[in-house]
Amino acid sequence: MKEQDVVEMLRHYRHDWLNDLQLILGYAQMGKLDKIQSKITEVMERSNQERGLDRLNIPKTMVWLYQLNWRSETFQLHFQSFVDGQPAIMDDEALLTKIQKVFQILPSYQKEYEEYIGTLIFKKVDHTIHIHLTFDQNWTDIEALKQELESLSFIEKVTTEEMLRIEWQE
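Residues numbered from 1 in each chain as written. Predicted model: local features only at pLDDT ≥ 70, side-chain atom pairs only at ≥ 80, totals over all residues. Heavy atoms only, no water.

Draft legend 1. The arrangement of the nonpolar core in detail. Counting residues in hydrophobic clusters, the biggest one holds 38 residues, and the most contacted among them are Val102, Leu106, Phe122, Phe135, Trp139, Leu149 and Leu164. Counting residues per element, the ones that place at least two in this core are α3 (59-71), β1 (75-82), α4 (92-105), β2 (116-125), β3 (128-135), α5 (142-150) and β5 (164-169). (Core = buried A, V, L, I, M, F, W, Y, C linked by side-chain atoms within 4.5 Å. Buried < 20%, exposed > 50% of the residue type's maximum accessible area, 1.4 Å probe, protein only. Helix = DSSP H or I, 4+ residues; strand = E, 2+ residues; numbered from the N terminus.)

What follows is the structure, given as structure tokens:
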């Protein structure tokens, strides 16, 4: 990672933390204890999500995911890791390539002015990491999107019943 990338990442991270602290201070000044507690809980949950990603030992993928959240005007990802104990070994480069391929397809099916909030979930089953990427179902042509995603060799399953759900294993 280049020094400039690190500086940019720290700048975004500091900006997010300062926004959170300003909100907490504002709620404190208004005497809104419930809002303070809610915001602190949100910050703690986000920190726990990040710690879960950190334990997966996928630094290149993590950096790309953080940059996606900071740079993208239409995509925001939340992370969940259900990988306890010693995580399975994952190929960071291969995982990053797969995630990037998915995100090369998704923009073609976005609705204009729509924000897409998704969740990227890592689950350990036996010695394999199962990956689930989910989004709400608000896409221009969900069936064509499903077909294009299924054409990727690593994708095992794409469902569109209640939400767009993309699954594969590492």
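Draft legend 2. Expanded view of the pairing of β3. Among the 8 residues that make up β3, 7 are buried, leaving the element largely enclosed by the rest of the structure. Pairing between β2 and β3: 8 bridges, direction antiparallel. Bridging across to β3, Leu120 finds its partner in Leu133. In textbook terms, the turn of a hairpin is the stretch between consecutive antiparallel strands, and for β2 and β3 this stretch comprises 2 residues, one of which, Asp126, has a positive phi near 55°. Relative to β5, β3 is paired through 6 bridges, and the arrangement is antiparallel. When the bridges of β5 are listed, Phe135 appears paired with Leu164. (Pairing = 2+ DSSP bridges.)

Draft legend 3. Representation of the side chain of Thr61 within the structure. Inspection of the secondary structure puts Thr61 in helix α3. At a separation of 2.6 Å, a polar atom in the side chain of Thr61 contacts the side chain of Asp92. Beyond its immediate sequence surroundings of up to four residues, Thr61 is in contact with Asp92, Leu95, Leu96 and Ile99. (Polar contact = N/O pair within 3.5 Å; in protein donor to acceptor, adjacent residues only side chain to side chain. Contact = heavy atoms within 4.5 Å.)

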